[in-house]
Amino acid sequence: MLCRVGQIHRCAASLSQAIRQVGASRQKHTLPDLTYDYGALEPHISAEIMQLHHSKHHATYVNNLNVTEEKYQEALAKGDVTAQVALQPALKFNGGGHINHTIFWTNLSPNGGGEPQGELMETIKRDFGSFQKMKEKMSAATVAVQGSGWGWLGYSKDTGSLCIAACGNQDPLQGTTGLIPLLGIDVWEHAYYLQYKNVRPDYVKAIWNVINWENVSERLQTAKK
């Protein structure tokens, strides 16, 4: 019996060590580079906003996510379920912030705007009646977000259709609704206040001029696989 107890203890110790090693070898999240200059989206989004938004706000989510994941790995290694549960809100907030912004930067382009083409346009017409109706519906849902959050165009694998949704704070679309994100509009005040003050509708109207429809189309193709 004592031998078996000793084996159990050794197995538990080995498991804890393995968890710690996984945590130690985990590659940290990093701030993605933009494919355009901070001033490239002017006059629709100012260089000052882009610099603060990317290099300060998004960077903070990345840093906090790495710290939180380290703490979570320590809690796993210790079998501390209470600590794991307590860390969930920080994982959701900072992880969501990193996920959402990583999508957001690619959804924008200095060569964007206009209307989508090809299959994306046909799918929009099928599900909303017209591009203009989709744009109006998404704009209204985005402007109506109470406090901070995001407006999204997503894809439902269950129905094979496009859907519009709004998420509060940094809640990630797929993790909270199951929809695959195609296009997101950030309506946290740090995304527009320096330029548009409290007139969120003007910001939402302007951002359509820099939407990267090629990126949204690529996301739709990937979502359908």
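About the cut-offs
- Residues numbered from 1 in each chain as written.
- Predicted model: local features only at pLDDT ≥ 70, side-chain atom pairs only at ≥ 80, totals over all residues.
- Heavy atoms only, no water.
- Buried < 20%, exposed > 50% of the residue type's maximum accessible area, 1.4 Å probe, protein only.
- Helix = DSSP H or I, 4+ residues; strand = E, 2+ residues; numbered from the N terminus.
- Pairing = 2+ DSSP bridges.
- Polar contact = N/O pair within 3.5 Å; in protein donor to acceptor, adjacent residues only side chain to side chain.
- Contact = heavy atoms within 4.5 Å.
- Phe/Tyr/Trp six-rings, centres within 6.5 Å; stacked < 30°, edge-to-face > 60°.
- Axes fitted to C-alpha atoms, helices over the stretch in contact; angles between N-to-C directions.
- Parallel < 35°, antiparallel > 145°, perpendicular 65-115°, else oblique.
- Nonpolar A, V, L, I, M, F, W, Y, C, P; charged D, E, K, R; others polar.
- Salt bridge = Lys/Arg side-chain N within 4 Å of Asp/Glu carboxyl O.
- Expected span 1.5 Å × (residues − 1).
- Arc of directions from axis to C-beta.

A. Looking closely at the pairing of strand β1 (residues 149-156). Extensive coverage of β1 is indicated by the burial of eight of its eight residues. Taking every second residue as pointing to the same face, both faces of β1 are buried, with G149, G151, L153 and Y155 on one and W150, W152, G154 and S156 on the other. Strand direction decides the pairing type here: β1 and strand β2 (residues 161-168), joined by eight bridges, are antiparallel. Note that in β2 the partner of G149 across the bridge is G168.

B. Main features of the side chain of N107. The residue N107 is located in helix α3 (residues 81-107) in this model. Here N107 falls in the buried class, since its relative accessible area comes to 0%. From its side chain, N107 meets the backbone nitrogen of G184 in a polar contact 2.9 Å long. The contact partners of N107, leaving out residues within four places of it in the chain, are L182, L183, G184, V210, I211, N212, N215, V216 and R219.

C. Up close: the environment of K137. With respect to the element layout, K137 can be found in helix α5 (residues 131-143). With sequence-adjacent residues up to four places away left out, K137 is seen in contact with F128 and I164.

D. Region of the structure containing the packing of aromatic side chains. All chains considered together, the criterion is met by nine aromatic pairs. A centroid spacing of 6.1 Å and a plane angle of 20° characterise the contact between W208 and W213, whose relative ring orientation is stacked. An identical accessibility class is assigned to W208 and W213; each is buried. Chaining the aromatic ring pairs together yields one cluster made of F104, W105, W150 and W152.

E. Representation of the packing of helix α4 (residues 118-128) against helix α9 (residues 213-224). Where α4 meets α9, the axes come as close as 9 Å, and the angle between the chain directions of the two elements is 80°. Judged on the interaxial angle alone, α9 and α4 are roughly perpendicular. Residue-level inspection shows E119, L120 and T123 of α4 in contact with α9, the latter providing W213, V216, S217, L220, Q221 and K224. Class assignment of the residues belonging to the contact of α4 with α9 gives a composition of four nonpolar, three polar and two charged.

F. Quick peek at the pattern of salt bridges. Following the criterion strictly, the structure yields four salt bridges and no others. Between K224 and E119 there is a salt bridge, with the nearest N and O atoms lying 2.4 Å from each other. Of this pair, K224 sits in helix α9 while E119 is found in helix α4, placing the two residues 105 residues apart along the sequence. Residue E119 is classed as partly exposed on the basis of its relative accessible area of 36%. As a salt-bridge pair, R126 and D127 come within 2.8 Å of each other at their nearest N and O atoms.

G. Up close: the sheet that holds β1. With antiparallel pairing, three strands are arranged side by side in an open sheet as β2-β1-β3. Among the strands making up the open sheet, the edge pair consists of β2 and β3 (180-186). On average, each strand axis in the sheet is inclined to that of its neighbour by 25°, with strand direction left out of account. On top of the sheet, α9 reaches β1, β2 and β3; it is set at about 150° to β3, its chief contact.

H. Just α5, in detail. The terminal C-alpha atoms of α5, which comprises 13 residues, lie 18 Å apart, in line with the 18 Å expected from a rise of 1.5 Å per residue. The set of residues buried in α5 consists of F131, M134, M138, S139 and T142. On an axial view of α5, the arc spanned by its buried residues comes to 125°, and they lie on one face. As for α5, its buried residues are in contact with α4, β1, β2, β3, α8 (200-207) and α9.

All quantities given are derived from atomic positions and should not be read as evidence of function.
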